[in-house]
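So you can see what is in the structure, the chains are spelled out below.
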Amino acid sequence: MSTIKPVKIRLEASSACQLRCPSCPTAQGIIGKSAVGTGLLKFDDFKALIDQNPGLREIGLSNWGEVLLNPQLVEILAYAHSHGVRINLANGVNLNTASDEALEALVKYGVEEITVSIDGASQETYQQYRVRGNFDTVIGNVRKINAYKQQYGSQAPRLNWQFVIFGHNEHEINAVKALCQELNMTFRPKLNWDAEFSPVRNKEQVMQDAGLAATTRQDDWEQTHKFQQCLQLWNEPQINWDGKVLGCCVNYWQDFGGNVFSDGLEAAVNSEQISYAREMLMGKAPARDDIPCTNCTKYQRMAQEQVWIQQSDVLMDRRWMVRLRRFPLVYRVARRVVNSLD
C-alpha cells in the first residue's frame, strides 16, 4: 500500500491567478513564496511525461492557479488527446480570461470535466469574493463552451458550477440552481473553509436549499470524517508545475523530495518520504518533522481522534470503483469484497 504505480495524477498547469479572492493563499501571495511558487507548466515537460509513462491515463490540470492563463494549454490538451490521456479541470477554473481558441480546445480535445467557480448569480454578489472577476464574462464563456459542444456534437466536457456558500450569497442558491438548468451545468455547493469570512447566516435554509447536511467544515468533518485529499497520495498524487511532488492538492508548504521531470514519475511518487507519509496516514508510523502531512490540520485531526485511512478507503476511491456505482448490484458486491480486505 505504500508503493504505487500511478495511472492518474494531478499536475498544476498554472499556479498564477488574476483574481484576488480574500481567503485564497494564491491571492494573498502565500503560494508564490511557498514550495509551489508562481509558474506555468511547460509543454516540453508535459510531452516528456506522457512519452515516458505510457501507463498514465488521466491528468487533472487545475489546483492553486487559473489553468487558462497557461499560453501553452492548447498544445498540452492536443498532445494528451493524441495519446489517449484523459484531461480534467475538475478542481476548478474561474473562466474570467480565456481565448476562443482555448475554449474550443476544451471541447475539441475532449476535456472530460470542468468545474467553474462562480459564487453568485449576479455581479454584485459574485465580486464580493471573486475580486476582479466579471460574472457576465464567466457566463459568456460557459455559453461559448456549450456552443462548441453543439458544434462538435460532444457531451464533453461535463460542466460543474461550484458555488462556495457564504452569508452574502446564500440567498442566491435557488437562482444559481435555475441557471445551472439553463446552462446544462451540475450544481456543486461547497463549504467555505475560512470560518471568519462571511459565514452562513440561515443554516437551516442553506442546508435545505443546497441539499447539504452541514454548513461548516468542522460540522462536516464531525459527521463524515472525510479525508479525500489524503487519498490523493495513493490514487492521484499532486505534482507541481515544475515537477516537484506535493502529494495532495492541499499541501503547499513543503514538497516530498524528488522531481517527476528529472527523476521519473514512479521514482518520484514512491520516494522514502511520501511512502512514509502513506504509512503515517494509515496510523502505521509516527509523525516525522520532515513529512509535510505532520503540519497539516487534517492529519493532526486524524491523529487526535485516531481516525486512520484503511486499505478499503484507498480501493473504494479508485476510478474503477467510482464507475461501478452506475451498476448498484455489482457495486455492492465489490464494496463487500473491498471492505473485507481491512
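Please read these numbers as outputs of a predicted model, since none were measured by experiment.

Caption draft 1: Spotlight on the nonpolar core. One finds Phe46, Ile59, Leu61, Trp161 and Ile309 to be the most contacted residues of the largest nonpolar core, which totals 96 residues. Top contributing element to this core by residue count: helix α5 (residues 135–152), with six residues. Non-local contacts of isoleucine 59, meaning those with residues more than four positions away in its chain, are made with Ile9, Leu11, Phe46, Ile50, Val85, Arg86, Ile87 and Asn88.

Caption draft 2: Representation of the sheet that holds strand β1 (residues 8–11). Strand order in this open sheet of eight strands is β6-β5-β4-β3-β2-β1-β7-β8, and the pairing throughout is mixed. Strands at the two margins of the open sheet, each flanked by one partner only, are β6 (186–191) and β8 (245–247). With three bridges connecting them, strand β2 (residues 58–60) and strand β3 (residues 86–93) associate as parallel partners. Residue pairing for β3: glycine 60 is matched across the bridge by asparagine 88.

Caption draft 3: Layout of the packing of aromatic side chains. Inspection of the entire model under this criterion finds nine aromatic pairs. Geometrically, the ring pair formed by tyrosine 299 and tryptophan 308 is tilted, given 5.9 Å between the ring centres and 45° between the ring planes. Taking the relative accessible area as the measure of exposure, tryptophan 308 reaches 16% and is therefore buried. Ring pairs connect the aromatic residues Trp64, Tyr252 and Trp253, which therefore count as one cluster. When the ring centre of tyrosine 276 is taken as reference, the NZ or CZ atom of arginine 288 above it lies at 4.2 Å.

Caption draft 4: Molecular detail of the environment of proline 286. Inspection of the secondary structure assignment puts proline 286 in the loop between α12 (272–281) and α13 (297–305). For proline 286, a relative accessible area of 58% corresponds to the exposed category. Measuring from C-alpha to C-alpha, the distance between proline 286 and valine 250 comes to 21 Å, with 36 residues separating the pair along the chain. Dropping the residues within four chain positions of it, proline 286 is found in contact with Tyr276, Met280 and Tyr299.

Here is what the cut-offs are and how they apply
- Residues numbered from 1 in each chain as written.
- Predicted model: local features only at pLDDT ≥ 70, side-chain atom pairs only at ≥ 80, totals over all residues.
- Heavy atoms only, no water.
- Core = buried A, V, L, I, M, F, W, Y, C linked by side-chain atoms within 4.5 Å.
- Buried < 20%, exposed > 50% of the residue type's maximum accessible area, 1.4 Å probe, protein only.
- Helix = DSSP H or I, 4+ residues; strand = E, 2+ residues; numbered from the N terminus.
- Contact = heavy atoms within 4.5 Å.
- Pairing = 2+ DSSP bridges.
- Phe/Tyr/Trp six-rings, centres within 6.5 Å; stacked < 30°, edge-to-face > 60°.
- Lys NZ or Arg CZ within 6 Å of the ring centre and 35° of its normal.

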